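Structural overview for review
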Amino acid sequence: MRRKWGLKRPCLLMMVTGGAVDFPFLDYMKDSFKKGLIKTSLSTNAWIISGGLHAGVMKYVGEAVRDYGTDTPRNVVAIGISTLRNLAHHKELKEHIEDSNKSGVPFEYQVTNKCSLDPHHTHFILIDNCETDVEGDNELRAKLLNVLCEENRVNFSVCILLNGGKNSLETARRSLQMGMPVIVLRETGRIAQDLVLALDSER
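Now for a look at the structure at hand. (Residues numbered from 1 in each chain as written. Predicted model: local features only at pLDDT ≥ 70, side-chain atom pairs only at ≥ 80, totals over all residues. Heavy atoms only, no water.)

Turning our eyes to something else, we now look at the sheet that holds strand S4 (residues 123–127). Sheet strands line up and pair through hydrogen bonds in the backbone, either parallel or antiparallel. The strand order across the open sheet built from six strands is S4-S3-S2-S1-S5-S6, with neighbouring strands paired in parallel fashion. Of all strands in the sheet, those bounded by a partner on one side alone are S4 and strand S6 (182–184). Within this sheet the neighbouring strands show an average axis-to-axis angle of 20°, counted without direction. Taken strand by strand, helix H2 (residues 27–44) contacts strand S1 (12–18), strand S2 (46–50) and strand S5 (157–162), and its axis lies near 160° from that of S1. Here helix H6 (residues 166–177) sits on the sheet in contact with S1, S5 and S6, set at roughly 155° to S1. (Pairing = 2+ DSSP bridges. Helix = DSSP H or I, 4+ residues; strand = E, 2+ residues; numbered from the N terminus. Axes fitted to C-alpha atoms, helices over the stretch in contact; angles between N-to-C directions. Contact = heavy atoms within 4.5 Å.)

Structure follows, in structure tokens:
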């Protein structure tokens with residue numbers, strides 16, 4: 001993958017997970033999140049991993065790349081890992097990928113709704129598996145992340161949780177099982193805030 005895309009080996013993988021719909025996020029907190037994400041990526045040579053859609057937390061990752069990652073000496077790497085069947089325009093995209101005559105020909109992808117790929121992520125890995133449900137998709141992503149760590153000899157990775165529901169909680173659980181620390185952002189609502197309150201009550 002690094003050879004195909006011409007990427008340097010990362011020293012850190014940062015997986016950002018959470019709500020797939022827009023949620024109340026105070027402006028100063030959103031700005032701090034975006035600046036901090038890009039600053040950490042550049043200073044540690046980290047790859048940012050998300051679900052890659054133009055919605056919710058994933059959209060904020062794209063905005064971070066757009067706002068703070070374009071005018072830098074080094075390129076920010078933001079990889080979206082998405083399930084092909086759930087994407088807008090997935091049929092046209094799949095036909096383009098499978099057409100051998102279009103190998104290496106760019107696909108003109110239009111952002112039309114929240115199921116569209118985010119235009120500011122730099123790379124995408126599309127999972128084409130029609131036999132799994134959401135839980136199966138999460139398991140595939142976890143395995144793929146593990147492969148990325150092993151193939152790139154990454155010694156450290158971290159999961160960052162904002163907002164989110166049951167699927168985000170499952171992602172955080174799988175991350176902990178893999179030995180990956182989970183950073184939970186306060187005041188982002190839903191499962192993230194529930195976890196913060198639960199942890200506070202244990203102190």
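Having seen the model, we can carry on.
A few words now on helix H3 (residues 56–68). For H3, built from 13 residues, the straight-helix expectation of 18 Å at 1.5 Å per residue is met to within 8% by its first-to-last C-alpha distance of 18 Å. Among the residues making up H3, those that are buried are Gly56, Val57, Met58, Tyr60, Val61, Gly62, Glu63, Ala64 and Val65. Buried residues belonging to H3 abut S1, H2, S2, strand S3 (77–83) and S5. (Expected span 1.5 Å × (residues − 1). Buried < 20%, exposed > 50% of the residue type's maximum accessible area, 1.4 Å probe, protein only.)

These values are about where atoms sit, not about what they do.
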